[in-house]
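# Architecture at a glance
This is what each chain is made of:
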Amino acid sequence: MPLARREFLKGSGVLLGTLATGTLLAGLAPSTAWALELKTLSTAEGQTLIAMGRVLFPHQKLPDAVYALLSKDLDAKASGDAGAAKMLKDGIAWLNKSAGGNFAKSSAAKREEIVRGMEGTAFFATARGQCVTSLYDNDMAYAVFGYPGSAWEKGGYITRGFQDLKWLPAPTKEASPPPNLG
């Protein structure tokens, strides 16, 4: 049965945004604009998940493009599992209802209060669990946090940056002897 354009647009969304010019991520990206196509969730539902992700793991330096990966990953789960789709849609609807209409546009204090009130629910556990992976396991977040990524395929950390932490005081020679390279 062919899918009508109106039904497709009603049941899917596209998250659009821009990266701030002059940021590290804008320098890494081929364009300062980003977009994610959502297959099951609507654009508004994706924006609600971005706002929830910012409550769960607040980082002022991370742009919405990184938090949008949460929406993308949860949308992928929803598109393959009708039960997960219903749970996500119901949870997002509850967030919006609790906020009096639009969770993403409510105050930061109100968003935090609402999210704290749903701790222990399956929706909360799913969103929080996926948020950890979506936020912290991608190159955009690595660039913001200064993490060079996996060193295994580059020969390990001993010869490339093992002692390059700029945010810790330099250890004494006794506390950090030179590596034994065999």
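Residues numbered from 1 in each chain as written. Predicted model: local features only at pLDDT ≥ 70, side-chain atom pairs only at ≥ 80, totals over all residues. Heavy atoms only, no water.

## A word on the packing of helix H5 (residues 82-98) against helix H7 (residues 122-136)
Contact pair H5 / H7: the axes reach a minimum separation of 9 Å and the direction vectors enclose 100 degrees. The angle between H5 and H7 places the two elements in the roughly perpendicular class. Between H5 and H7, the contacting residues are Met 87, Leu 88, Gly 91, Ile 92 and Leu 95 on the first element and Ala 122, Phe 123 and Thr 126 on the second. When its residues are assigned to classes, the contact of H5 with H7 shows six nonpolar, two polar and no charged. (Axes fitted to C-alpha atoms, helices over the stretch in contact; angles between N-to-C directions. Helix = DSSP H or I, 4+ residues; strand = E, 2+ residues; numbered from the N terminus. Parallel < 35°, antiparallel > 145°, perpendicular 65-115°, else oblique. Contact = heavy atoms within 4.5 Å. Nonpolar A, V, L, I, M, F, W, Y, C, P; charged D, E, K, R; others polar.)

## Looking at the environment of Gly 146
By the element assignment, Gly 146 lies in the segment after helix H8 (139-145). A C-alpha to C-alpha distance of 9.7 Å links Gly 146 and Lys 166, two positions 20 residues apart in sequence.

## Let's talk about the packing of helix H3 (residues 43-56) against H7
Where H3 contacts H7, the axes come no closer than 10 Å and their chain directions differ by 75 degrees. By the angle between their directions, the pair H3 and H7 is classed as roughly perpendicular. Across the interface between the two elements, Leu 49, Met 52, Gly 53 and Leu 56 from H3 touch Phe 123, Phe 124, Ala 127, Arg 128 and Cys 131 from H7. Tallied by class, the residues present in the contact of H3 with H7 amount to seven nonpolar, one polar and one charged.

## A look at the nonpolar core
Ranked by size, the top nonpolar core spans 31 residues in total, and within it Met 52, Leu 56, Leu 95, Phe 103, Val 115 and Phe 123 carry the most contacts. For this core, the secondary structure elements donating two or more residues are strand E2 (33-38), H3, helix H4 (64-80), H5, helix H6 (108-117) and H7. In terms of residue count, H4 provides more of this core than any other element does, six residues in total. In contact with Val 115, not counting residues within four places along its chain, are Met 52, Val 55, Leu 56, Leu 95, Phe 103 and Phe 124. (Core = buried A, V, L, I, M, F, W, Y, C linked by side-chain atoms within 4.5 Å. Buried < 20%, exposed > 50% of the residue type's maximum accessible area, 1.4 Å probe, protein only.)

## Quick look at the environment of Leu 181
By the secondary structure assignment, Leu 181 is in the segment after H8. The spacing of Leu 181 and Ile 158 is 23 residues in sequence and 8.4 Å in space, taken between C-alpha atoms.

## As for the side chain of Glu 45
Its place among the elements puts Glu 45 in helix H3. Glu 45 gets classed as buried once you look at its relative accessible area, which sits at 15%. Those residues in contact with Glu 45, other than ones at most four positions away along the chain, are Thr 40, Lys 89 and Ile 92.

## Considering the packing of aromatic side chains
Applying the stated criterion to the full structure yields three aromatic pairs. Seen from their ring centres, Phe 57 and Tyr 136 are 5.8 Å apart, and the 85 degrees between their planes marks the pair as edge-to-face. You can see Phe 57 sitting in the loop between H3 and H4 and its partner Tyr 136 sitting in helix H7, a full 79 residues away along the chain. Judged by centre distance (6.1 Å) and plane angle (35 degrees), the ring pair of Tyr 136 and Phe 145 falls under tilted. (Phe/Tyr/Trp six-rings, centres within 6.5 Å; stacked < 30°, edge-to-face > 60°.)

## Some details on the pattern of salt bridges
Per the counting criterion, the structure on display carries five salt bridges. We note a salt bridge from Lys 72 to Asp 73, for which the minimum N-O separation is 3.6 Å. (Salt bridge = Lys/Arg side-chain N within 4 Å of Asp/Glu carboxyl O.)

## Brief notes about the confidence of the model for the protein
Summing up the model confidence of the protein, the mean pLDDT is 81 and the portion of residues at 70 or higher is 76%. Mean pLDDT across the elements of the protein ranges from a minimum in helix H1 (residues 5-11), with 45, to a maximum in H5, with 97. pLDDT under 50 marks residues 1-12. Its contacts with residues more than four places away, or in other chains, come to 10 contacts. (pLDDT = per-residue confidence, 0-100.)

## Remarks on the side chain of Asp 75
Positionally, Asp 75 belongs in helix H4. Buried Asp 75, no salt bridge; nearest opposite-charge side chain is Lys 39, N-O distance 6.2 Å. (Lys, Arg positive; Asp, Glu negative; His and termini not counted.)

## Here we look at H6
Because an α-helix packs 3.6 residues into every turn, residues spaced three or four apart end up facing the same way. By the burial criterion, the buried members of H6 are Arg 111, Ile 114 and Val 115. The buried side chains of H6 occupy one side of the element, clustering within an arc of 95 degrees when seen end-on. Residues Ala 109, Glu 113, Arg 116 and Gly 117 are exposed on H6 and point more than 90 degrees away from its buried face. Lining the buried residues of H6 we find H3, H5 and H7. (Arc of directions from axis to C-beta.)

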